[in-house]
Amino acid sequence: MADDRATMSHDDDTRTKKFTHVGETYSGQSDSYKIMNIVGAGGMGVVCKALCSSNSREFAVKFLHDELQEDSQSSRERFEREIKVLQELKAFRGIVRLEDWGRTTGGSLFFVMEFLKAPTLDRLIEQNPSGLPQIKAVQIVLEILIVLEPVHHRGFVHRDLKPHNIALNEDPLSVMLLDFGLSKPVQESEAFKKVTRKRDGTAAEVPGSPHYMAVEQFLRPKTIDQRTDLYAIGVILYELLAGIPPFRGIYLQDILRQHKETEPPPLDRAADGTKISYRLQAVINKSLAKSAEQRFQNAAEFKEALFDVLNSLNRAQRPKKALDAAYRIVRKLGQGGNSEVYEAERLEDKTRVAVKIAREGSSDWDEETLMNEADRALSHENIVKVHEFGSFENRPALVMELMSGGKIEVVLQQSKETGISEELFYNVIIDVCRGLHHAHLAGIVHRDVKPGNMLRDAQGRTKVCDFGIAKAYDAKSAKIGGSKNTTVAKGTHQYMSPEQCDPNGVVDRRADIYSLGIMMYELLAGDLPFTEGVLILQ
């Protein structure tokens, strides 16, 4: 189905030597086809190039191996099942299209598909043994998920996703899923079998390709669902980045044991020398979780996580303006876990500003939070203004409005014994509500509302700052469309809503309202309402 080249095992090569259909012409339901040559072979069948008798168009024709046709009822049923699945998915984008089917003069079943010129994904991996750049690998897997999602919605699981079963067009980028011989409806409990080898060389019944199989596929085949396919895609993503799958071995049992017991080796750098994004590593780890409940639950979740990764990778490639020559550092104002804040003077007009600079040895997470803060910059009198993003002494830096009134956190500490005045309480909360309301109308959820992120200017106005972990959500929907915590729970634990503490929770503007409620309690009582534990789900 893919290009004329094919990789065949010794057993496949022996079978093709016995293949007798080349040169023959067979009739399908709608036309007849002359078999020209073999283009590929696998464990179950042989694929040939054929010419349509009526219009000389090239097609791919798949035959079941002759010995399986004669001796294996399960193989014949599986072959017929593939025809039925392709008929069901005929109108779907990215699925190899079924054109016709029929039987040879000897009674052997065959079916006809479109002939694809595109190579399969394993060829790209072979040509890039050290792996692909992160952006390209993510883009390819996103295309696979886009094609797979409606297949899952239709109720089918592929069960044999691997690079050899994915055709790839690189310009423009698109994929085509091949070989639905193992696919089945999710509701159906019967597991089709594929013969592979045990350590002692005897036959073992395992459905799928060992390097890409989730634990349930070989231990609990009746529980297979769409998450089994998503595990295989996680393996493919890893292989695209590393050039090799995460679990390898000479014997089947060695590979399956690793799927069951061993964590995938962490990836350090991509083929182009860039450090693997912490976000991307987290997505890989989640997709390869041993328990299906811990993985992405559907293709849409997986896609959302990868779109986040792709956005952060693209932002990281943006050129950063060198700010050193435009600003003079005056004094240090403070520091946080991953950055330092300075008062600085803009040399052009002597304006005083605040410059937030990532600390020495900062990670890609530190740079991403500053970049995200710049991207989420909003114009409102109750939100700290962000002027520009760039680098200072080769470290990521953010130039912001200077807030000379200090943090509400400091006011709170100074008033712990006496409490803050009622007037100040209302002024602070009303200002914060105005700032958050503007952000929510813009589709931004802050995710880190706390006294330390509320600053006062010289006139006593309170402003919301630090949108470093903010996320977009659907603010215009009739329903509140949340944003998934796709990697780890982010925020300050003492102020986080229960859904924000859950890495699988959906976070929207209501999470900010919860945090604001914690902050209001603290301003009035001088202490937090929940103080035991780190992640508090009360």
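Residues numbered from 1 in each chain as written. Predicted model: local features only at pLDDT ≥ 70, side-chain atom pairs only at ≥ 80, totals over all residues. Heavy atoms only, no water.

### Points about the environment of I420
Then comes step 1: With respect to the helices and strands, I420 occurs in the loop between helix 12 (408-414) and helix 13 (422-441).
Then comes step 2: You can call I420 buried: its relative accessible area is 16%.
Then comes step 3: Considering only alpha carbons, one finds I420 and A525, 105 residues apart in sequence, at a separation of 9.3 Å.
Then comes step 4: Ignoring sequence-local partners within four residues, the contact set of I420 consists of V411, S415, F425 and L523. (Helix = DSSP H or I, 4+ residues; strand = E, 2+ residues; numbered from the N terminus. Buried < 20%, exposed > 50% of the residue type's maximum accessible area, 1.4 Å probe, protein only. Contact = heavy atoms within 4.5 Å.)

### Focus on the pairing of strand 8 (residues 166-170)
Then comes step 1: Where strand 8 meets strand 9 (residues 173-177), 5 bridges bridge the pair, whose relative direction is antiparallel. Its bridge partner being in strand 9, I166 is matched across the sheet by L177.
Then comes step 2: Count of turn residues in the strand 8/strand 9 antiparallel hairpin: 2 residues. (Pairing = 2+ DSSP bridges.)

### Notes on unusual backbone geometry
Then comes step 1: The backbone phi angle of D179 is positive, close to 55°, even though this residue is not glycine.
Then comes step 2: With respect to the helices, strands and loops of the structure, D179 is situated in the loop between strand 9 and strand 10 (184-185).

### Digging into the pairing of strand 18 (residues 395-401)
Then comes step 1: Burial analysis of strand 18 places 7 of its 7 residues in the buried class, which makes it a mostly covered element.
Then comes step 2: By the bridge criterion, 5 bridges tie strand 16 (residues 352-358) to strand 18 in an arrangement that is antiparallel. Bridge pairing in strand 18 links I357 to A397.
Then comes step 3: In this structure, strand 17 (residues 386-392) lies alongside strand 18, joined through 6 bridges in antiparallel fashion. Bridged to F392 within strand 18 is R395.

### Some remarks on the sheet that holds strand 21 (residues 454-456)
Then comes step 1: Within the open sheet, the 3 strands sit side by side as 19-21-22. Their pairing is antiparallel. If you trace the sheet from one side to the other, it starts and ends with strand 19 (406-407) and strand 22 (462-464), each paired once.
Then comes step 2: Looking at chain direction, strand 21 and strand 22 are connected through 3 bridges and run antiparallel. When the sheet's bridge partners are listed, R456 is paired in strand 22 with T462.
Then comes step 3: Strand contacts of helix 13: strand 21 and strand 22, with the helix running at about 35° to strand 22, the strand carrying the most contacts. (Axes fitted to C-alpha atoms, helices over the stretch in contact; angles between N-to-C directions.)

### Considering the pattern of salt bridges
Then comes step 1: Following the criterion strictly, the structure yields 31 salt bridges and no others.
Then comes step 2: A salt bridge links K332 to E340; the nearest nitrogen and oxygen atoms lie 3.8 Å apart.
Then comes step 3: Taking the relative accessible area as the measure of exposure, K332 reaches 40% and is therefore partly exposed.
Then comes step 4: A salt bridge links E393 to R395, with the shortest nitrogen-to-oxygen separation between them at 3.6 Å.
Then comes step 5: Look at R395 and you get buried, because its relative accessible area is 12%. (Salt bridge = Lys/Arg side-chain N within 4 Å of Asp/Glu carboxyl O.)

### Remarks on the side chain of S339
Then comes step 1: Secondary-structure assignment places S339 in strand 15 (residues 339-346).
Then comes step 2: For S339, a relative accessible area of 8% corresponds to the buried category.
Then comes step 3: In this view, S339 contacts K356, I357, A358 and R359; residues no more than four positions away in its chain are not counted.

### Structural notes on helix 15 (residues 509-525)
Then comes step 1: For helix 15, built from 17 residues, the straight-helix expectation of 24 Å at 1.5 Å per residue is met to within 8% by its first-to-last C-alpha distance of 25 Å.
Then comes step 2: Every buried residue of helix 15 is listed here: A511, D512, S515, L516, I518, M519, E522 and L523. The arc that holds every buried residue of helix 15, seen down its axis, measures 155°, which confines them to one face. Facing away from the buried side of helix 15, by more than 90 degrees, are the exposed residues I513 and L524. (Expected span 1.5 Å × (residues − 1). Arc of directions from axis to C-beta.)

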